[in-house]
Amino acid sequence: MIPDISLFSLKKNWDAAVAGLIGALLIYFFTRHGGIGLEPDSIVYLSTARSVAHGSGFFEFEGIPMTDFPVGYPLFLSIIIFISRVDIVQSGHIVNMFLYFSLIYLCGGIINHISTRTKWVKIPFLILIVFSPALLTLYTYLLSETLFLLMTLLFFVALHQYGQKKTILTLVVVALIAGLSCIVRYAGVTLVGAAGLMILLDKKLVLKKKIGHLLLFGTIGIAFLVANLVRNSLITGMLTGDREKSLTSFFENIQKYAYVFGDFFYFHDLPLAFVILIGVSFFVFYIYSHIIHFYKSNRYYNYWNICGTYFVVYTIFIVLSATFSRFEGLNMRLLSPLYLSCLLPLTFVTPWVISKLNGWKRYGLISVFVILFVVINYYQYKDNRVFYQAATEAGLPGYAEDSWRNSPILNYIKSDKKRFKEGTRIYSDGNEAVYLFTGLQADLVPHVESKGDYENFKEEQQNDYYLVWFYDCADPEYVSLVKLLKENYYVELASAPEGRLYFHPSSKVNQTK
């Protein structure tokens, strides 16, 4: 019998290695023009990593402790900066090339386990994974999901090993991976929940041993998260930053969840009812599959059931989180952990269903699967072509675009940084851009719903400060430029198509333009 881990060896997984190299090259070509993609969250990670690498602690670009995100990903980046002595803006694409290669390689090994008797299915699914816009748009950016998805696959492998051996060592490995994932993304608690659920429902594990394993796993699994939350609470009095109440209902989030799956597999153009039905059917299917595996305990810890269990736990977590807490709407980035956990079990389901049919029914179903594969790949190609054209012509959307690097306003600030005296505050609706391109610290303009923010800002009128305004960053949730100009006195220092730079002198407090 082939040793379990050998299916991840280069000899058995060479095709995934080739696919991984192709994936790494895709990341290189997408980032060749403007470097690694940068979003607002990326700037938080970047600035915190720089702060840690320079020995200043977990402080983000605004000079405040980072609490909205856990410390794991910035710590990971800071280690790379410390070892390489190269800033992550210059090396980020190389890091992501390695992470994407590793992700694809692990997918290949898992597929080897899932579809041991049907090797032909591996290549088509690797092609879907390598060229998936959902994954490429993550791995071309500096985002914590790039590390989290890899840790999720490592968790699947470790939990499978635990299921084969049931030893303390394999349990500790699972707990460490799940625990560390919690400080890469707070959603890492879903890994703790998935493993805890599987151990709890493991029929072969005697009660005394089960209780011991659950206690040990739970203690290690949540230790890192608890430490992170205690640190946040001691520093700011908040566990995970300032969280607002959600504005979307449970049913609205179900609808968004289904639409994201439509984006994953290109059925989003169907009528709304069908989109929701198909999206929810994935969830129902994996609940059903877990029940089946519960009664077939000899296959309880196979990769299909591990992926399915995680899929169910993460779905419940993310939909309820979006219902009770306010953050960006459910999108491909937030649901990216579901993509591979949904797709990988299909490498068994597809050939299994085909094998149950004979004659024209079998060939008819094969034709349907081939058509689906071709259609999905066609739409993936179209999306990737548009994305690639944008990336090669002007840089990846966000702060890696040429328009930001060549901004007259930012270049003006950089050319005369002595003007910005130490102690004189800078306000901006795009404070991430001010930090990234000038190295200066800027505060975000007040939030319209926060009376405290605006009162503090009004008190600032007694002092000199600068206002850097970018039209592309204007957000209705924050105070508008019109309101600022109406209620305060400013001297315009620079004007450009993308924004303006103002100075507010304290001597003109009660005057208006």
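Below is a short write-up of the structure. (Residues numbered from 1 in each chain as written. Predicted model: local features only at pLDDT ≥ 70, side-chain atom pairs only at ≥ 80, totals over all residues. Heavy atoms only, no water.)

With that out of the way, let us pick up the sheet that holds strand β6 (residues 491-496). Strand order in the open sheet formed by five strands is β4-β3-β5-β7-β6, with mixed pairing between adjacent strands. Every other strand in the sheet has two partners, leaving β4 (443-444) and β6 as the edge strands with one partner each. Relative to strand β5 (residues 465-470), helix α19 (residues 431-438) is tilted by about 100 degrees, and along the sheet it contacts β3 (425-428), β4 and β5. (Pairing = 2+ DSSP bridges. Helix = DSSP H or I, 4+ residues; strand = E, 2+ residues; numbered from the N terminus. Contact = heavy atoms within 4.5 Å. Axes fitted to C-alpha atoms, helices over the stretch in contact; angles between N-to-C directions.)

Here the focus is the environment of Met332. Take Met332: it is sitting in the loop between β2 (325-326) and α14 (336-343). Take Met332: its relative accessible area is 25%, and that puts it in the partly exposed class. If we ignore the near neighbours within four places in the chain, the residues touching Met332 are Ala134, Val260, Asp263 and Phe264. (Buried < 20%, exposed > 50% of the residue type's maximum accessible area, 1.4 Å probe, protein only.)

An ideal rise of 1.5 Å per residue puts 16 Å on 12 residues; helix α9 (residues 189-200) measures up with 16 Å between its terminal C-alpha atoms. The complete set of buried residues in α9 reads Thr190, Leu191, Val192, Ala194, Ala195, Gly196, Met198 and Ile199. Buried residues belonging to α9 abut α7 (145-165), α8 (168-182), α10 (207-236), α12 (272-295) and α13 (303-324). (Expected span 1.5 Å × (residues − 1).)

We now examine the pattern of salt bridges. Within the structure shown, the criterion is met by 11 salt bridges. One salt bridge in this structure joins Asp87 and Arg50, with 2.8 Å as the shortest N-O distance. Taken together, the residues span a long stretch of sequence, with Asp87 in the loop between α3 (72-84) and α4 (88-114) and Arg50 in helix α2 (residues 40-53) at a distance of 37 residues. For Arg50, a relative accessible area of 18% puts it in the buried group. Through salt bridges with shared partners, one network takes in Glu39, Asp41, Glu145, Arg185 and Arg333. (Salt bridge = Lys/Arg side-chain N within 4 Å of Asp/Glu carboxyl O.)

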